[in-house]
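Residue strings, one per chain:
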Amino acid sequence: TWNDNEIQFVYIKSTEGTTYQDKKYKENFTEALSNGFNVGSYHYFRTSSSIEGQFKNFTDNVDKDSQILVPMIDVEENKNWSRITFHKNLKKFLVMIEDHYGAKPVIYCVNSFYNKYLSLGYKDYKFMIGRYNTKEPYMIKGDWTIWQFSEKGEIKGIQKKVDIDRLNTNASLNEILMNHESKLQTSSKD
């Protein structure tokens, strides 16, 4: 069980593809902010949806001025596009998000997906790597900024289990903050 003093940042799912919006997003985001957390929003990237539609879905639902953390893009599939189209569309989407929010988004993916699809061509991005294990992520190229190591976290005030992450000892919370002051009084390395 985690308490509020141990939580440095919170990412909340906002959208997926071109049409899905999490019904609890605005409430969850507002509650996290009102409880003093560094909070950001993420979009689940779909290869079955246009990037323009996904961009509109995310930007229509995620107010850039209220974000404390840079946006995060959850990339877990490559089933509907060729490899070339996948990279072209993902890179275009990432640039669209960066241009709109004024910050490079963090990319989330599981460890094996990174090594298979994203180890080349994304060196300028920060990564949150999902690896539910006691061993840190192994990345062919580069290093992870955030490690999602469990989906069984318990947080006071949240009824269901949540994902638990940690910053790399070589990373700083400042690397994922927008141009805002941190809401929490934390050290830059943890």
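Sequence order as written defines residue numbering, which begins from 1 separately in each chain. This being a predicted model, a pLDDT of at least 70 is required before a residue's local features are given, and a value of 80 or more before pairs of side-chain atoms are given or counted; all residues contribute to the totals for chains, interfaces and linings. Working from all heavy atoms in the structure, the side-chain values ignore hydrogens and water.

Engineer: How should the confidence of the model for the protein chain be read in this particular structure?
Structural biologist: Low-pLDDT stretches of the model should not have their predicted coordinates read in fine detail. Residue-level confidence of the predictor is what pLDDT reports, using numbers from 0 through 100. Of all residues in the protein chain, 92% have pLDDT values of 70 or greater, and the mean over the chain is 90. By definition, residues are in contact when any of their heavy atoms lie within 4.5 Å. Low pLDDT, under 50, characterises residues 181-190; the predicted model gives this stretch 25 contacts beyond four residues in sequence or across chains.

Engineer: Please clarify how the layout of surface pockets should be interpreted in this entry.
Structural biologist: One water molecule sets the probe size; rolling that probe over the atoms shows where empty space is left. A pocket here means an open set of points on a 1 Å grid, computed over the protein atoms alone, that has protein on both sides within 12 Å along at least five of seven lines. A cavity is instead a set of points where a 1.4 Å probe fits but cannot get out; residues with an atom within 4 Å of a point line either one. Grid points are joined across faces, edges and corners, and a volume is the space filled by probe spheres set on the points. Empty space within the largest pocket amounts to approximately 1,500 Å³. Along the walls of the largest pocket sit 41 residues, with Val 10, Tyr 11, Ile 158, Val 162 and Asp 163 positioned nearest its centre. When contributions to the lining of the largest pocket are tallied by element, the ones reaching two or more residues are strand S1 (10-16), helix H1 (25-34), strand S4 (72-75), strand S7 (146-153) and strand S8 (162-167). Classification used: nonpolar for Ala, Val, Leu, Ile, Met, Phe, Trp, Tyr, Cys and Pro, charged for Asp, Glu, Lys and Arg, polar for all others including Gly. Residues that form the lining of the largest pocket fall into these classes: 19 nonpolar, 6 polar and 16 charged. Roughly 250 Å³ of volume is contained in the second largest pocket. What lines the second largest pocket is a set of 20 residues, and nearest its centre among them are Lys 123, Tyr 125, Phe 127, Gly 142 and Asp 143. When its residues are assigned to classes, the lining of the second largest pocket shows 9 nonpolar, 6 polar and 5 charged. Note on conventions: DSSP H or I runs of at least 4 residues are helices, E runs of at least 2 residues are strands, and numbering of each starts at the N terminus.

Engineer: I keep staring at the packing of aromatic side chains and nothing clicks. Help me out?
Structural biologist: The description of an aromatic ring pair uses the distance of the two centres, along with the angle that the planes make with each other. For this analysis, a ring pair means two rings from Phe, Tyr or Trp (six-membered ring only for Trp) whose centres lie within 6.5 Å, classed as stacked if their planes differ by under 30 degrees, edge-to-face if by over 60, and tilted for the remaining angles. In the structure shown here, the tally under the stated rule is 12 aromatic pairs. By the ring-pair criterion, three or more aromatic residues cluster together here, those being Phe 45, Trp 81 and Phe 93. Two limits define a charge over a ring: the Lys NZ or Arg CZ must be within 6 Å of the ring centre, and within 35 degrees of the ring normal. Residue placement shows Lys 91 over the ring face of Tyr 122; its charged tip is 5.1 Å from the ring centre. A cation sits over an aromatic face here: Lys 104 above Tyr 125, 4.7 Å from the ring centre.

Engineer: What exactly am I supposed to notice about H1 here?
Structural biologist: Since the α-helix advances by 3.6 residues per turn, residues separated by three or four positions end up pointing in the same direction. Residue burial is assigned from relative accessible area. The probe radius is 1.4 Å, only protein chains are included, and a residue is buried under 20% of its type maximum, exposed over 50%, and partly exposed in between. Every buried residue belonging to H1 is among Tyr 25, Phe 29 and Ala 32, and all of these are buried. Along H1, the residues classed as buried sweep out an arc of 65° about the axis, all on the same side. Buried-residue contacts for H1 involve S1, strand S3 (39-45) and helix H2 (51-61). A positive backbone phi angle near 85° is found at Gly 36, which sits one or two residues after H1. The directions considered for the arc run from the helix axis to the C-beta atoms.

Engineer: Can you help me understand the side chain of Ser 150 in this one?
Structural biologist: Within the secondary structure layout, Ser 150 lies in strand S7. Ser 150 has contacts with Tyr 132, Val 162, Asp 163 and Ile 164, leaving out every residue within four places of it along the chain.

Engineer: Explain the sheet that holds S8 here, please?
Structural biologist: Sheets are built from strands that pair by backbone hydrogen bonding, the pairs being arranged parallel or antiparallel. Two strands make a pair as long as DSSP finds a minimum of two bridges between them. With respect to topology, 8 strands assemble into an open sheet ordered S2-S1-S3-S4-S5-S6-S7-S8, the strand pairing being mixed. The open sheet has two edge strands with one neighbour each: strand S2 (20-21) and S8. Here strand S5 (residues 106-110) runs beside strand S6 (residues 127-130); their pairing, made up of 4 bridges, is parallel. For Val 110, the partnering residue across the bridge sits in S6 and is Gly 130. Only the stretch in contact is used when a helix axis is fitted, and all axes are lines through C-alpha atoms; the angle between N-to-C directions ranges over 0 to 180 degrees. Sitting on the sheet, H2 touches S1, S2 and S3, and the angle it makes with S3 is about 155°. Docked against the sheet, helix H3 (residues 83-101) engages S3, S4 and S5, running at close to 165° with respect to S4.

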